[in-house]
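# Analysis of the macromolecular model
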Amino acid sequence: MALIRRSLLVALAVSASAWSAAAQETTIKIGLVKSISNAANLWAIEKGWMKEAGIKLVVEDLDTSANVLALLAQNQLQIIEGGISAGYFNGLEKNLPITIVMDRVSSPLGHNLMLRPDLKGQITQLKQLKGKVIASNGAGSVSTYEVGKMLETEGLTINDVDVKVLPFTQMALAFTNKAIDAAIVIPPFTSQFLDQGHAVAFKDPDDLVKPHPMTIAVSMINTDWAKANDGVVRAYYAAYLRGVRAYCNAYHGGKDRAAMIDLMIKSGTENRPQLLHNYPWPARNPNGMINTDSMLDMQSWYVKSKMSAQQFPLERLVQTTYIREAVEKNGPFTLENKDSKREGCR
């Protein structure tokens, strides 16, 4: 009887401990623009690193970060990840409680300015896009910056083309219906469009846009929430960086690549594993570092293009404390596949 009572007490103690751990988990709502690079967040959840950090990460899909900065500022989302849009700089001008923390996607990007298939051979130079309809996933988005910078290499500006805002998921249909002539496309859509014949590759931003490498997508936080939850934010980025480094090793063909591809399929990021096996993924910095020259150029371009009005010093644009601490906690990045010839993610 005493043994039964003792066993019951142990069971209750274990149950209470588990309940307490669950009760102490902090929910973080994160908005993600669907991309292969999402795998870092998903992997950190799958491996239990977020749970170990006391965090329940709730993921919400976004079409573009450019349209949801208000949700970040209102703390409806605590973190968002997506492109560096004109909206970010406009938000700083309005003193919204937002800041950039770390890199999410940097060169090589895997982006492409794609053409409608029937225009292949007819349009061979960027200057021939004058007056044409080009799709971008958001007004004032980083995709629009990429298009504008490429056009400028042949004497055009973004005002010389008709920019049509479309989610990436609608671009294939727009190509098929001849509603657009070109589009700036990101992985995995670049591979899908090529394989399904919706579009042909035309120009690679990595070849044309300077400064290089480009940091085009980042992790952003609500600064009011971060101040009130400092320990949670530090724990989140330490756990997240583990996911980023696992992603970088998978990018280079490391041991977890197949499992990470399975996770992307399960999550709906992509539904054809052969694309993830056969095509390059977008790169990211394994230490979360941002090419600040690239970010400053984006700010200048948005001002020049009258999409934002004010330029800020670098210290106002990015807060590096959390990611520097995460790097210190996790130690140096170790590349598993030292024979990899791929650029980026190292």
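Now for a description of the structure that goes with this document. (Residues numbered from 1 in each chain as written. Predicted model: local features only at pLDDT ≥ 70, side-chain atom pairs only at ≥ 80, totals over all residues. Heavy atoms only, no water.)

## Focus: the overall build of the protein chain
- Regarding its fold elements, the protein chain presents 16 helices and 10 strands.
- Over its C-alpha atoms the protein chain spans a radius of gyration of 22 Å, differing by no more than 12% from the 20 Å that the globule rule assigns to 346 residues.
- Considering only C-alpha atoms, the protein chain reaches an extent of 90 × 45 × 40 Å along its principal axes.
- The buried share among the 346 residues of the protein chain stands at 53%. (Helix = DSSP H or I, 4+ residues; strand = E, 2+ residues; numbered from the N terminus. Rg over C-alpha atoms; globule rule 2.2 N^0.38 Å. Buried < 20%, exposed > 50% of the residue type's maximum accessible area, 1.4 Å probe, protein only.)

## Notes on the environment of P286
- Position of P286 among the secondary structure elements: in the loop between α13 (273-278) and α14 (292-304).
- The spatial distance from the C-alpha of P286 to the C-alpha of N249 is 9.1 Å, given a sequence separation of 37 residues.
- Every residue in contact with P286, bar those within four places of it in the chain, is listed here: L241, V244, R245, C248, F333, C345 and R346. (Contact = heavy atoms within 4.5 Å.)

## Focus: the packing of aromatic side chains
- Here the structure, examined in full by the defined rule, presents 13 aromatic pairs.
- Plain terms: the ring middles of Y145 and W301 are 5.7 Å apart, the flat faces sit at 85 degrees to each other, and that makes the pair edge-to-face. Of the two residues, Y145 sits in helix α6 (residues 142-152) while W301 sits in helix α14, which places them 156 residues apart along the sequence.
- Between F189 and F193, the ring centres sit 6.3 Å apart and the planes meet at 55 degrees, which makes this aromatic pair tilted. On the criterion of helical spacing, the pair formed by F189 and F193 is a turn pair, its members being four residues apart in helix α8 (residues 189-196). For the pair shown, F189 and F193 are each scored as buried.
- Each residue in the set Y88, F89, Y145, W301 and Y302 is aromatic and connected to the rest through ring pairs, giving one cluster. (Phe/Tyr/Trp six-rings, centres within 6.5 Å; stacked < 30°, edge-to-face > 60°.)

## Quick word on the pattern of salt bridges
- Applying the stated criterion across every chain, the model contains 14 salt bridges.
- Of the charged contacts in the structure, one is a salt bridge between R116 and D118, with a shortest N-O distance of 2.7 Å.
- Here R116 falls in the buried class, since its relative accessible area comes to 8%. (Salt bridge = Lys/Arg side-chain N within 4 Å of Asp/Glu carboxyl O.)

## Considerations on the side chain of R104
- Within the element layout of this structure, R104 appears in strand β4 (residues 98-106).
- There is a polar contact of 3.4 Å between the side chain of R104 and the side chain of S37.
- Setting aside residues up to four positions removed in sequence, R104 forms contacts with L32, V33, S35, S37, N38, E81, G82, A217, V218, S219, A283 and R284. (Polar contact = N/O pair within 3.5 Å; in protein donor to acceptor, adjacent residues only side chain to side chain.)

## Topic: the packing of helix α11 (residues 230-251) against helix α16 (residues 321-330)
- With their axes 9 Å apart at the nearest point, α11 and α16 run at an angle of 60 degrees to one another. Considered as vectors, α11 and α16 are oriented oblique to each other. For the pair α11 and α16, the crossing hand works out as right-handed. Within the contact between the two elements, α11 uses D230, V233, R234, Y237, A238, L241, R242 and R245 and α16 uses T321, Y322, I323, E325, A326, V327, K329 and N330.
- When grouped by side-chain class, the residues that make up the contact of α11 with α16 number eight nonpolar, two polar and six charged. (Axes fitted to C-alpha atoms, helices over the stretch in contact; angles between N-to-C directions. Parallel < 35°, antiparallel > 145°, perpendicular 65-115°, else oblique. Left-handed = near helix turned anticlockwise from the far one by under 90°. Nonpolar A, V, L, I, M, F, W, Y, C, P; charged D, E, K, R; others polar.)

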